[in-house]
Amino acid sequence: MTLMVWRFGDGRRMLRGRPNGYLAPEDLANAMKLIVEDPRIGPGLPTLWDFRGHDFSVYSSSEFRTHAFLIPKFPGRLGIRRGYLVDSDTGFGTLRMFQGAASGYNFEDQDNLMVSYSLEELIDWLLV
């Protein structure tokens, strides 16, 4: 997992995360722990998860949804906007299932999660 803080000219910041290969639940948990504990990042940054080029075909239909069950383990991240950037219909559908699971199990408000094909749309939404 690659994590990078983007700083904008007006002082706003956001976190960009990009998985490197298969994203196992423990990999995501380790990234979330780093986000919460590293003072250079902090749990309050809006986050762009960049899944362009990610191979979603390696996951079962429900496997990626299990990542939503990690959300309650990091209460400092609740209510933080998270955008998911995709470049495939499979990625879009998979991350909408994740969004539905997170919302359906009341782990996170659906309005704090957005899936899009557009980087610009996500940045504008994340930095509101």
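Residues numbered from 1 in each chain as written. Predicted model: local features only at pLDDT ≥ 70, side-chain atom pairs only at ≥ 80, totals over all residues. Heavy atoms only, no water.

**Q** Hey, could you go over the pattern of salt bridges for me, with residue numbers and the actual values?
**A** In the structure shown here, the tally under the stated rule is six salt bridges. Between D50 and R18 there is a salt bridge, with its nearest N and O atoms 2.9 Å apart. A residue pair is termed long-range when its members are at least 10 positions apart, and D50 in strand β3 (residues 47–50) and R18 in strand β2 (residues 13–18) qualify at 32 residues. Assessed through its relative accessible area of 25%, R18 is described here as partly exposed. Where R40 meets D38, a salt bridge forms, and the shortest distance between an N and an O atom there is 2.6 Å. (Salt bridge = Lys/Arg side-chain N within 4 Å of Asp/Glu carboxyl O. Helix = DSSP H or I, 4+ residues; strand = E, 2+ residues; numbered from the N terminus. Buried < 20%, exposed > 50% of the residue type's maximum accessible area, 1.4 Å probe, protein only.)

**Q** Describe the environment of I80, naming the residues involved and giving the relevant values.
**A** Note on placement: I80 falls in the loop between β3 and β4 (82–85). Assessed through its relative accessible area of 14%, I80 is described here as buried. Not counting the four nearest positions on each side in its chain, I80 is found in contact with P43, G44, L45, P46, E108 and N112. (Contact = heavy atoms within 4.5 Å.)

**Q** Any chance you could break down the pairing of β3 for me, citing the residues and the numbers?
**A** Where burial is concerned, the two faces of β3 agree: the one with T47 and W49 and the one with L48 and D50 are both buried. As paired elements, β2 and β3 share three bridges and run parallel to each other. Its bridge partner being in β3, L15 is matched across the sheet by T47. Each parallel crossover has a hand, and the one from β2 via helix α1 (residues 25–37) to β3 is right-handed. One ladder, built from four bridges, connects β3 with β4; its direction is parallel. Considered in β4, the bridge of W49 is made with Y84. (Pairing = 2+ DSSP bridges. Right-handed = clockwise from strand over helix to strand, strands pointing away.)

**Q** So what's going on with the environment of E120? Which residues, and what values?
**A** Of note, E120 is situated in helix α3 (residues 119–126). By relative accessible area, E120 is classed as exposed at 55%. Distance from E120 to L85, taken between C-alpha atoms, is 9.9 Å for residues 35 residues apart in sequence.

**Q** Could you give me a rundown of empty space enclosed by the protein, with the residues and numbers involved?
**A** Inspection of the entire model under this criterion finds one cavity of 30 Å³ or more. The computed volume of the largest cavity comes to approximately 170 Å³. In terms of lining, the largest cavity is formed by 15 residues, of which the most central are L28, M32, W49, Y84 and F98. Contributions of two or more residues to the lining of the largest cavity are made by α1, β4 and α2 (89–104). Residue composition of the lining of the largest cavity, grouped by class: 12 nonpolar, one polar and two charged. (1 Å grid on protein atoms, 1.4 Å probe; cavity = no way out; pocket = protein on both sides within 12 Å on 5 of 7 lines; lining within 4 Å. Points joined across faces, edges and corners; volume = space filled by probe spheres on them. Nonpolar A, V, L, I, M, F, W, Y, C, P; charged D, E, K, R; others polar.)

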